[in-house]
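Summary of the model geometry
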Amino acid sequence: MRSDARRNHERLLTEARSAFAEHGTDASLEDVARRAGVGIGTLYRHFPNRDALLSAVFEDAAAGLLTRSRELLHAPEPCAALVTWLREMVTHAGEYRGLARSLMSVSYDNTSALARCSGPIREAGGALLARAQEAGTVREDVAIGDLLQLTHGIALAAEETPGDPELADRLLHLTLRGLKDS
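Computed from a predicted model, the values in this text were never measured in an experiment.

**Looking at the UniProt feature "domain: HTH tetR-type" (unreviewed entry) in the protein**
Mapped onto this structure's residue numbering, the UniProt feature "domain: HTH tetR-type" (unreviewed entry) falls at residues 6-65. Annotation note: span residues 6-65, helix share 82%, strand share 0%, distance between end C-alpha atoms 26 Å.

**Quick word on the layout of surface pockets**
Considering only enclosed or pocket space, the largest pocket measures out at about 250 Å³ in volume. Along its surface, the largest pocket is lined by 14 residues, and V90, T91, G94, A158 and A168 are the ones closest to its centre. For the lining of the largest pocket, the secondary-structure elements that each account for two or more residues are α5 (78-93), α8 (144-160) and α9 (167-177). Split by residue class, the lining of the largest pocket holds 7 nonpolar, 2 polar and 5 charged.

**Looking at the packing of aromatic side chains**
Within the structure shown, the criterion is met by 1 aromatic pair. Ring geometry for F20 against F58: centres 6.4 Å apart, planes inclined by 25°, an arrangement best described as stacked. Placement of the pair is F20 in helix α1 (residues 3-23) and F58 in helix α4 (residues 50-72), with a sequence separation of 38 residues. One exposure class covers both F20 and F58, and it is buried.

**Some details on the pattern of salt bridges**
Within this structure, the stated rule accounts for 10 salt bridges. Here E22 and R35 are joined by a salt bridge, their closest N and O atoms 3.0 Å apart. Separated by 13 residues along the polypeptide, E22 in helix α1 and R35 in helix α2 (residues 29-36) bring together distant segments of the chain. Its relative accessible area of 45% is what places E22 among the partly exposed residues. A salt bridge links D31 to R35; the shortest N-O distance between them is 3.1 Å. With D31 and R35 both in helix α2 and 4 residues apart, this pair spans about one turn of that helix.

**Looking at α9**
Turning to α9, its buried residues are L167, A168, L172, T175 and L176. Around the axis of α9, the buried residues are gathered within 160° of arc, so they sit on the same side. Exposed and oriented more than 90 degrees from the buried face of α9 are L174 and R177.

**With respect to the environment of S69**
Looking at where S69 falls in the secondary structure, it is placed in helix α4. Relative accessible area serves as the criterion here: at 5%, S69 is assigned to the buried category. The spatial distance from the C-alpha of S69 to the C-alpha of A81 is 8.3 Å, given a sequence separation of 12 residues. A polar contact is formed between the side chain of S69 and the backbone oxygen of L66, at a distance of 2.7 Å.

**Digging into the nonpolar core**
Counting residues in each nonpolar core, the largest one holds 57 residues, and the members touching the most others are F20, L53 and W85. For this core, the elements supplying multiple residues, two or more each, are α1, α2, α4, α5, α6 (99-105), α7 (115-134), α8 and α9. Top element by residues in this core is α4. It accounts for 10 residues. Two domains each donate at least three residues to this core, and these are domain 1 (1-47) and domain 2 (50-177). Apart from residues lying up to four places away in sequence, W85 is in contact with L65, R68, S69, L72, I121, A124, G125, L128 and L148.

**Examining the packing of α5 against α7**
Interhelical geometry of α5 versus α7 gives an angle of 150° and a closest axis separation of 7 Å. Viewed along their axes, α5 and α7 adopt a mutual orientation that is roughly antiparallel. Between α5 and α7 lies a crossing of left-handed hand. Residues P78, C79, A81, L82, W85 and M89 of α5 lie in contact with α7, whose contacting residues are I121, A124, G125, L128, L129, R131 and A132.

Cut-offs used in this document
Residues numbered from 1 in each chain as written. Predicted model: local features only at pLDDT ≥ 70, side-chain atom pairs only at ≥ 80, totals over all residues. Heavy atoms only, no water. UniProt positions renumbered as here; feature names shortened; annotations may be inferred. Helix = DSSP H or I, 4+ residues; strand = E, 2+ residues; numbered from the N terminus. 1 Å grid on protein atoms, 1.4 Å probe; cavity = no way out; pocket = protein on both sides within 12 Å on 5 of 7 lines; lining within 4 Å. Points joined across faces, edges and corners; volume = space filled by probe spheres on them. Nonpolar A, V, L, I, M, F, W, Y, C, P; charged D, E, K, R; others polar. Phe/Tyr/Trp six-rings, centres within 6.5 Å; stacked < 30°, edge-to-face > 60°. Buried < 20%, exposed > 50% of the residue type's maximum accessible area, 1.4 Å probe, protein only. Salt bridge = Lys/Arg side-chain N within 4 Å of Asp/Glu carboxyl O. Arc of directions from axis to C-beta. Polar contact = N/O pair within 3.5 Å; in protein donor to acceptor, adjacent residues only side chain to side chain. Core = buried A, V, L, I, M, F, W, Y, C linked by side-chain atoms within 4.5 Å. Domains from an automatic or database assignment. Contact = heavy atoms within 4.5 Å. Axes fitted to C-alpha atoms, helices over the stretch in contact; angles between N-to-C directions. Parallel < 35°, antiparallel > 145°, perpendicular 65-115°, else oblique. Left-handed = near helix turned anticlockwise from the far one by under 90°.

Structure below.
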């Protein structure tokens, strides 16, 4: 990438993060381009659609979740490691208004640019889940796709109920009770 294109790319990412923080993931892409000092065509040359921009914005957070999953993969209690990671997933999905909804919408869509983040996340969570299942602490019929949908749903519920800061923890606790072998 040429240096001017690289600068435009970085400015677009910076302004997208800011716009998403202020207005949620449905923020105007025209506004993002204007804030970055470029035209909408430049934005679309770097990011052909909203999902591509979302994916680029959230790559850092996804990288952090992947690193964390590798750390937790060696924790002495596999079920506790999975629970810790799922809590961090809920926190991540609730970082920007609308992110949980976007993540839910691409959970099974490998054609979306957001799948670039969701595929590795699914694999990382799957490894933690498999370890907990092998330890006999999580039911064998639990699938990582279902867990990710649940975490996104919990983050979405918390987003829609800002007056109840404990809601996400309560919902996650209820969900996790259903994961354990009886």
